[in-house]
Amino acid sequence: MAAEEFKQYVKANGIAKAAKEVDVVTTGTFGAMCSSGAYFNFGHSDPPIKMQKVWLDGIPAYTGLAAVDAYIGATELDESNNMLHGGAHVIEDLVRGKAIRLRATAYGTDCYPRKEIDTFVSLKTVNQSVLFNTRNCYQNYACATNSSARTLYTYMGKLLPEFGNATYCSAGELSPLLNDPYYRTIGIGTRIFLGGGQGFVIWEGTQFNPGVPRTPAGVPKRPAGSLAVIGDLKQMSSDFLRGLTFTKYGTSLGLGIGVPIPILDEEMAKACAITNDQISTAVFDYSEASRSRSVLREVTYSELRSGEITIKNKQVATSSLSSLWKARQIAETLKNQIVKGEFMIEKPIQNFSLDRVFKPLDVRSEKEAM
Amino acid sequence: MKTKVVLNFSPEASNQPITHNLIAKHHLVVNILRAEIDEFGGKMVLELSGKAEDIRKGIDYLKANSVGVRPIKEGVRRDDDVCTHCGMCVSICPTKALTLDVKTGKVTFTEEKCVACGVCIDACPPRAMEILI
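Everything numeric here is computed off the predicted structure, so don't read it as measured data. In this convention, every chain numbers its residues from 1, walking through the sequence in written order. In the order they appear in the text, chains get letters beginning with A and ligands get numbers beginning with 1. Restriction of local features to residues with pLDDT of at least 70 applies here, the model being predicted, together with a cutoff of 80 or more for giving and counting side-chain atom pairs; totals for whole chains, interfaces and linings are based on all residues.

**Details of the overall build of chain A**
Here is the rule we go by: Working definition: helices are DSSP H or I runs of at least four residues, strands are E runs of at least two. Numbering for both runs from the N terminus. Based on C-alpha atoms, the radius of gyration is set beside the globule rule, defined as 2.2 Å times the residue count to the power 0.38. Exposure in this text rests on C-beta crowding, where 20 or more other C-beta atoms within 10 Å of a residue's own make it buried, 12 or fewer make it exposed, and counts in between make it partly exposed. The C-beta atoms are placed from the backbone. The contact rule is simple: place each C-beta atom from the backbone, and if two of them lie within 7 Å, those residues are in contact.
When helices and strands are tallied, chain A shows seven helices and 21 strands. Computed over C-alpha atoms, the radius of gyration of chain A comes to 22 Å, within 12% of the 21 Å expected from 2.2 N^0.38 for 370 residues, which places it in the range of a compact globule. In terms of overall dimensions, chain A has C-alpha extents of about 70 × 55 × 45 Å along its principal axes. For chain A, the residues scored as buried account for 47% of the 370 residues in total. Taking all contacts inside chain A whose residues are at least 6 apart in sequence as the whole, residues at least 24 apart take part in 72%.

Structure follows, in structure tokens:
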């Protein structure tokens, strides 16, 4: 059953029956996931080159790897900082089947004598093309607003002055990790829907922070867990993978992820029965230039979805940065794939550690860092 | 009657009380949707309301004073192939022309409510909104 369908089913039939009758609940989310990128193996030129600098349609890619491997990050920009076309847009263009200009330079070695190459590549010409993301699919996220007198342009979108609006970016009750708050079924090796293809969870996501305050039901009230994921770009589709531009912030990758959650027992059914009124997050003032901004208030996802919340006695319009429409599409697609036997469910090879802490970066001496 | 127009100001015209005259002499209700004008000229997007005859005379007045006038048939356009229906535009749209329909999960764009102010253009992450001026 798709997540929303399951919640309705529990409401009508109760946890015990739902746990008995339903095997799998499919979740989904589609939002901006900055910590994303893709690596490629371009194949060898003749004479061969050990690429030292690489540009894909003008966007630099990291190539401090073997000769013709490179990684392009979603937020990478060209030298002019053109935010309308970054690494994420190059990845989208490749997924759309377009040819991309590959330019590389090198210092030349005895085994790799070539010093430059200027050519075109596409998903058809490269060997590997793999989406490899270090932090996706955040388990809950903040709600952003702005108390200052000027418009702020942030990764949470355009924030109008004097609490002119508030933005949030979790799929709430549809979001994968909010339906499995203690990561019982989602871990290393979990097969997932990724950008329209099938991929895997390969590690905990960076900044994994399970120790945040939780509701009595265990649902994190702040950004908590996240996933590192991998998948073949050749399977993906621009319906679920998009280059995004956040004005004056930069580029990001709009990505769709779906995770099936097996209903192992009543506890799991209870976790998947969670609804938007039982999931909350904190509203932060993004005009506060600090890594630990103060909490203006806590708010539930049903309040956020209603289109308006109250902040300091003011009615403030809300915007989601996460597409409800696409999240539903993903949950539904995944459900159909499972029913047809096209998507196999994997038990995690290893579960995530609940002991991870999220450490800050301070300016420190060599001794203090030891 | 209501109509939306784009005005192109020459440097001479930008120093004249053009908008004032439209209101005072031609009895039009003028809603300024966008304005970028300095001493070297510029552009303005206006919504003019009034009698058809007054609007016609107002436009003649503009043309006679070296202001280029172009009617807007469509102010803001959404490319439905590009829109991901995230909803970022919903909270910044001052006229609620963009709303999230929780039932369908999609963002609805009601063009009649749009005043072509353009705040949604640079707020849209996949860049689905375009202003036609």
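From this point on, the discussion continues.
**A look at the interface of chain B and chain A**
Heads up, the rule is: Any residue that is not Ala, Val, Leu, Ile, Met, Phe, Trp, Tyr, Cys, Pro, Asp, Glu, Lys or Arg is counted as polar, Gly included; the first ten are nonpolar and the last four charged.
At the junction of the two partners, chain B supplies 17 residues and chain A supplies 27 residues. For the side of chain B that touches chain A, the per-class residue count stands at nine nonpolar, five polar and three charged.

**Examining the sheet that holds strand E1 (residues 2–9) of chain B**
Residue and element names in this part refer to chain B. Rules: The pairing criterion for strands is at least two bridges between them, as found by DSSP. With axes taken as lines fitted to C-alpha atoms, and helix axes fitted only over the stretch in contact, angles between N-to-C directions fall between 0 and 180 degrees.
What the four strands build is an open sheet, ordered E2-E3-E1-E4; its pairing is antiparallel. The open sheet has two free edges, formed respectively by strand E2 (29–38) and strand E4 (67–71), since each of these has just one partner strand. Geometrically, the sheet is characterised by an average inter-axis angle of 20° between neighbouring strands, direction not taken into account. Pairing of E2 with strand E3 (residues 41–49) involves nine bridges; the strand directions are antiparallel. Paired with Val29 across the strands is Ser49, a residue of E3. The sheet strands contacting helix H2 (residues 52–64) are E1, E3 and E4, and the helix crosses E4 at an angle near 140°.

**Quick word on the sheet that holds strand E18 (residues 280–285) of chain A**
All names here are of chain A. With mixed pairing, the six strands of this open sheet are ordered in space as E19-E18-E9-E12-E21-E20. Both edges of this open sheet fall to strand E19 (295–300) and strand E20 (308–311), since each of them pairs with a single strand only. Averaged over all adjacent pairs, the angle separating strand axes in this sheet is 30°, with direction ignored.

**Observations regarding H2 of chain B**
Residues and elements named next belong to chain B. Short version of the rule: Helices are assigned an expected span. That span is 1.5 Å times one less than the residue count. When we speak of the arc, we mean the arc of directions from the helix axis to the C-beta atoms.
Look at H2: 18 Å from first C-alpha to last across 13 residues, which is about the 18 Å you get at 1.5 Å a residue. When H2 is considered as a whole, its buried residues turn out to be Ile55, Gly58, Ile59 and Leu62. Viewed end-on, H2 has its buried residues packed into an arc of 95°, placing them on one side of the element. Summarising the geometry of H2, the exposed residues directed more than 90 degrees from the buried face are Glu53, Asp60 and Ala64. Along its buried surface, H2 packs onto E1, helix H1 (18–24), E3 and E4.

**Remarks on the nonpolar core**
Stated formally: Any nonpolar core is a set of buried residues, restricted to Ala, Val, Leu, Ile, Met, Phe, Trp, Tyr and Cys, that join up through C-beta atoms within 7 Å.
Core analysis: the biggest nonpolar cluster contains 131 residues, and Leu56, Ile91 and Cys272 of chain A together with Cys89 and Cys120 of chain B have the highest contact counts within it. Excluding residues that lie within four positions of it along the chain, Cys89 of chain B makes contacts with Leu98, Val107, Cys120, Ala123, Cys124 and Met129 of chain B.

**Here we look at the domain arrangement of chain A**
All names here are of chain A. The following threshold applies: Those domain boundaries reflect an automatic or database domain assignment.
What the domain assignment lists for chain A is domain 1 (3–34 + 132–339) and domain 2 (48–126). Inter-centroid distance (C-alpha atoms) of domain 1 to domain 2 is 32 Å. The interface of domain 1 with domain 2 comprises 16 residues on the first partner and 15 residues on the second. The set of elements that each furnish at least two residues to the side of domain 1 that touches domain 2 consists of strand E16 (241–246) and strand E17 (250–262). It is E16 that provides the largest number of residues to the side of domain 1 that touches domain 2, a total of five residues. Its residues assigned to classes, the side of domain 1 that touches domain 2 comprises six nonpolar, eight polar and two charged.

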